[in-house]
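Okay, here's what each chain looks like letter by letter:
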Amino acid sequence: FGQNFEKWSYQLGGRLESYRVDADYNEEKVYEDDYITLYPSGFLTYTPSEKNSYQLSYSRRVDRPGFSQVNPIRQVTSPRLTVAGNPELDPQFTNSLEFNYTRKLGKKGSLTSGLFFRRTTDEINQVFQEGEEPGSLFLTFTNFGSNDAYGAEFSTNYKFTDWWSTNSTFEVYGQTMSGLVGEEFTEIENTAFTFRSNHNFKATESLSFSLFGFYRSKAKSLQLDMDDFYFLNLGARYSFLEDDKATLSLNFN
């Protein structure tokens, strides 16, 4: 439901969802879940002029465990690593609160900056334990306690020329994570950032190129220290035959 009042507008919504899953192995029930949940959302927008707008929003979402994460059957993926799911896993829920400011840059694009706070409860994560054999590891999944993330995000979409356009996002965030790792309660503070940039180049009416890059800084979880990570994709797309009935694409990752 939404309404507009000149420079102000709001929208309220909710999704009521019934979810049920049953998993059997050799006629024995190994995993089941059944619940009804409401996912509310709300948006409040203030637009003082054609070029400027402000928005405050709230939403709730769910991330359910996949079947591989709840499958108790052990899989030996290598001589030193055994993996098994956890049938006791619960879904994780995230409540998000965001405040964004958007500035339109004429016909060429826009710039958005914002602040956010997200709280995740029963966060699903990997847990490594000592295996049965010396030097081996056992990997399973569990629900940690909570994960509070807060930070800022900056994004832009801009058309530099008729043949070059971009969409880029930079996000910096801090996290407070806590939960049980085995029998031990653990809590850590973590600061990290991510950057992604997508560029499209139009060489001719039939030929175009794309460049996408992603970078994530070093980060920590309750049990792991993760190195920084980057990803690059280069692409080309060519349309041919009458009325562009055929397309040839080439990608490199």
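J.: Before we go on, may I ask you to explain the pattern of salt bridges in this structure?
T.: Oppositely charged side chains can pair when the atoms bearing their charge come close. Counted by the stated rule, this structure contains 10 salt bridges. For Arg15, the salt bridge identified is with Glu17, shortest N-O distance 3.5 Å. For Glu17, a relative accessible area of 22% corresponds to the partly exposed category. Here Lys202 makes a salt bridge to Glu205, at a shortest N to O gap of 3.6 Å.

J.: Please clarify how the sheet that holds strand β5 (residues 75-78) should be interpreted in this entry.
T.: Paired through their backbone hydrogen bonds, the strands of a sheet run either parallel or antiparallel. Spatially, four strands are ordered β5-β6-β10-β9 in an open sheet, and the strand pairing comes out mixed. The sheet terminates laterally at β5 and β9 (124-130), the two strands that pair on one side only. Pairs of neighbouring strands in the sheet enclose a mean axial angle of 35 degrees, with direction left out of account.

J.: Looking at this structure, I do not really get the layout of surface pockets. What am I missing?
T.: Take a probe with the size of a water molecule and roll it over the atoms, and the empty space left behind shows itself. Approximately 510 Å³ is the volume found for the largest pocket. Lining the largest pocket are 22 residues, with Glu123, Asn147, Ala149, Tyr173 and Gln175 sitting closest to its centre. Listing elements by their share of the lining of the largest pocket, those giving two or more residues are β4 (52-63), β7 (92-104), β8 (109-121), β11 (146-159), β12 (164-181), β13 (184-202) and β15 (219-220). Classifying every residue of the lining of the largest pocket by side-chain character gives six nonpolar, nine polar and seven charged. In this structure, the second largest pocket encloses a volume near 170 Å³. Along its surface, the second largest pocket is lined by 14 residues, and Thr82, Gly131, Glu132, Glu133 and Ser136 are the ones closest to its centre.

J.: Please clarify how a nonpolar patch on the surface should be interpreted in this entry.
T.: A grouping of Phe5, Trp8, Leu44, Tyr54, Leu56, Tyr58, Leu97, Phe99, Leu115, Phe117 and Tyr150 is seen on the molecular surface, where their side chains present a nonpolar patch of about 1000 Å² in accessible area. For the nonpolar patch, the elements supplying multiple residues, two or more each, are β4, β7 and β8. Residue contributions to the nonpolar patch peak at three residues, all from β4. Structurally, Phe99 can be placed in strand β7.

J.: In this structure, what is going on with the pairing of strand β10 (residues 137-143)? I would like to understand it.
T.: Remember that side chains alternate between the two faces of the sheet whenever the strand is regular. In terms of residue burial, β10 counts as a mostly covered element, since five of its seven residues are buried. In this sheet, β10 lies alongside strand β6 (residues 81-83) in parallel orientation, the contact comprising three bridges. The residue of β10 that forms the bridge with Val83 is Leu139. Taken together, the seven bridges between β9 and β10 define a ladder with antiparallel strand orientation. Looking at β10, one finds that Asn125 is bridged to Thr142.

J.: Quick question: what am I supposed to make of the pairing of β4 here?
T.: For strand β3 (residues 28-46) and β4, the ladder comprises six bridges, and the chain directions are antiparallel. Bridge pairing links Tyr46 to Tyr54 in β4. Note: β4 against β7, 12 bridges, orientation antiparallel. The residue bridging Leu56 from the neighbouring strand is Phe99, located in β7.

J.: Even after reading the chapter, I still don't get the sheet that holds β8, so can you show me in this structure?
T.: The 12 strands lie next to each other as β1-β2-β3-β4-β7-β8-β11-β12-β13-β14-β17-β18, forming an open sheet whose pairing is antiparallel. Two strands in the sheet have a free side with no partner beyond their single neighbour: β1 (2-5) and β18 (246-252). Within the sheet, the average angular offset between the axes of one strand and its neighbour, ignoring direction, is 15 degrees. Inspection of the sheet shows β7 paired to β8 by 12 bridges, in the antiparallel sense. Note that in β8 the partner of Phe99 across the bridge is Leu115.

Parameters and conventions
Residues numbered from 1 in each chain as written. Predicted model: local features only at pLDDT ≥ 70, side-chain atom pairs only at ≥ 80, totals over all residues. Heavy atoms only, no water. Salt bridge = Lys/Arg side-chain N within 4 Å of Asp/Glu carboxyl O. Buried < 20%, exposed > 50% of the residue type's maximum accessible area, 1.4 Å probe, protein only. Pairing = 2+ DSSP bridges. Helix = DSSP H or I, 4+ residues; strand = E, 2+ residues; numbered from the N terminus. Axes fitted to C-alpha atoms, helices over the stretch in contact; angles between N-to-C directions. 1 Å grid on protein atoms, 1.4 Å probe; cavity = no way out; pocket = protein on both sides within 12 Å on 5 of 7 lines; lining within 4 Å. Points joined across faces, edges and corners; volume = space filled by probe spheres on them. Nonpolar A, V, L, I, M, F, W, Y, C, P; charged D, E, K, R; others polar. Patch = residues over 30% accessible without salt bridge, like charges linked within 9 Å, V, L, I, M, F, W, Y side chains within 5 Å. Areas by Shrake-Rupley, 256 points an atom, 1.4 Å probe, with all protein chains shown as cover.

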